[in-house]
Amino acid sequence: MPLTAILLLAAGTYAFRVAGPLLGGRLTVSDRLRHLLTVSAAVLLVALVATGALTQGHGFAGWARPAGVLVAGVLAVRRAPFPLVVVAAAATTALLRLCGVS
């Protein structure tokens with residue numbers, strides 16, 4: 001990546017970080033817009049999780065990975081400790097792949 005692109009991305013990232021504190025008191029956001037922003041953030045997060053869980057390259061990732069993500073989701077909803085969530089998801093995926101489920 002060229003140095004100018006890196007510098008532009010760094011400056012843009014810094015500008016976004018500084019804009020919050022500088023503009024926080026000057027902007028008023030309606031309740032409807034605040035709700036839409038919250039919902040859109042949740043939708044984006046779900047889309048990223050679904051894409052990462054279900055695809056690998058240009059195709060379906062197989063059934064073992066979504067099963068591991070499902071186990072992690074259930075444990076996270078039940079407020080299990082994060083290390084347990086990660087280990088259980090990895091173990092589920094590994095055991096299913098060991099059994100021949102791709």
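What comes next is a walk through the structure.

About the cut-offs
- Numbers given to residues run from 1 along each chain, matching the order in which its sequence is written.
- Local features in this predicted model are restricted to residues of pLDDT 70 or higher, and side-chain atom pairs are both shown and tallied only at a pLDDT of 80 or more, whereas totals for entire chains, interfaces and linings draw on every residue.
- Side-chain numbers come from the whole structure's heavy atoms, not from hydrogens or water.
- Numbered from the N terminus, helices here are DSSP runs of H or I no shorter than four residues, and strands are runs of E no shorter than two.
- Expected span of a helix, by definition, is 1.5 Å for each gap between consecutive residues, and there is one gap fewer than residues.
- Note on exposure labels: buried denotes an accessible area under 20% of the residue type's maximum, exposed denotes more than 50%, and partly exposed covers the range between, all computed with a 1.4 Å probe on protein chains only.
- What the arc describes is the spread of directions from the helix axis to the C-beta atoms.
- Pairs of residues are marked as contacts when any of their non-hydrogen atoms sit within 4.5 Å.
- With axes taken as lines fitted to C-alpha atoms, and helix axes fitted only over the stretch in contact, angles between N-to-C directions fall between 0 and 180 degrees.
- In what follows, roughly perpendicular refers to angles from 65 to 115 degrees, roughly parallel to angles under 35, roughly antiparallel to angles over 145, and oblique to any angle outside these ranges.
- Residue type decides the class: Asp, Glu, Lys and Arg count as charged, Ala, Val, Leu, Ile, Met, Phe, Trp, Tyr, Cys and Pro as nonpolar, and the leftover types, Gly among them, as polar.
- Here a crossing is taken to be left-handed if its near helix is turned anticlockwise relative to the far helix by less than a right angle, and right-handed if that turn runs clockwise.

A word on helix α4 (residues 82–98). For α4, with 17 residues, the first-to-last C-alpha span of 24 Å sits near the 24 Å given by 1.5 Å per residue. Those residues of α4 lying buried are Val-85, Ala-88, Ala-89 and Thr-93. One side of α4 holds all its buried residues, which, seen down the axis, span an arc of 125°. Away from its buried face by more than 90 degrees, α4 exposes Pro-83, Val-87, Leu-95 and Leu-98. The secondary structure elements touched by the buried residues of α4 are α3 (64–77). Looking one or two residues past α4, Gly-100 carries a phi angle of roughly 100°, positive in sign.

Positive phi outside glycine occurs at Arg-79, with the angle close to 60°. Take Arg-79: it is sitting in the loop between α3 and α4. Looking at Arg-79, the relative accessible area reads 77%, which means it is exposed.

With that settled, consider the packing of helix α2 (residues 31–54) against α3. The geometry of α2 relative to α3 is characterised by a closest axis approach of 8 Å and an angle of 140° between their N-to-C directions. The orientation of α2 relative to α3 falls into the category oblique. Between α2 and α3, the contacting residues are Val-49, Gly-52, Ala-53 and Leu-54 on the first element and Arg-65, Pro-66 and Val-69 on the second. Of the residues that constitute the contact of α2 with α3, the class distribution is five nonpolar, one polar and one charged.

A separate point is the packing of α3 against α4. Look at α3 against α4: their axes get within 8 Å of each other, and the N-to-C directions meet at 155°. When the axes of α3 and α4 are compared, the pair comes out roughly antiparallel. Read as a crossing pair, α3 and α4 show a hand that is right-handed. Across the interface between the two elements, Ala-64, Arg-65, Ala-67, Gly-68, Val-71, Ala-72, Leu-75 and Ala-76 of α3 pack against Leu-84, Val-85, Ala-88, Ala-89, Thr-92, Thr-93, Leu-96 and Arg-97 of α4. Tallied by class, residues from the contact of α3 with α4 come to eleven nonpolar, three polar and two charged.

That's the geometry; what it means functionally is another story.
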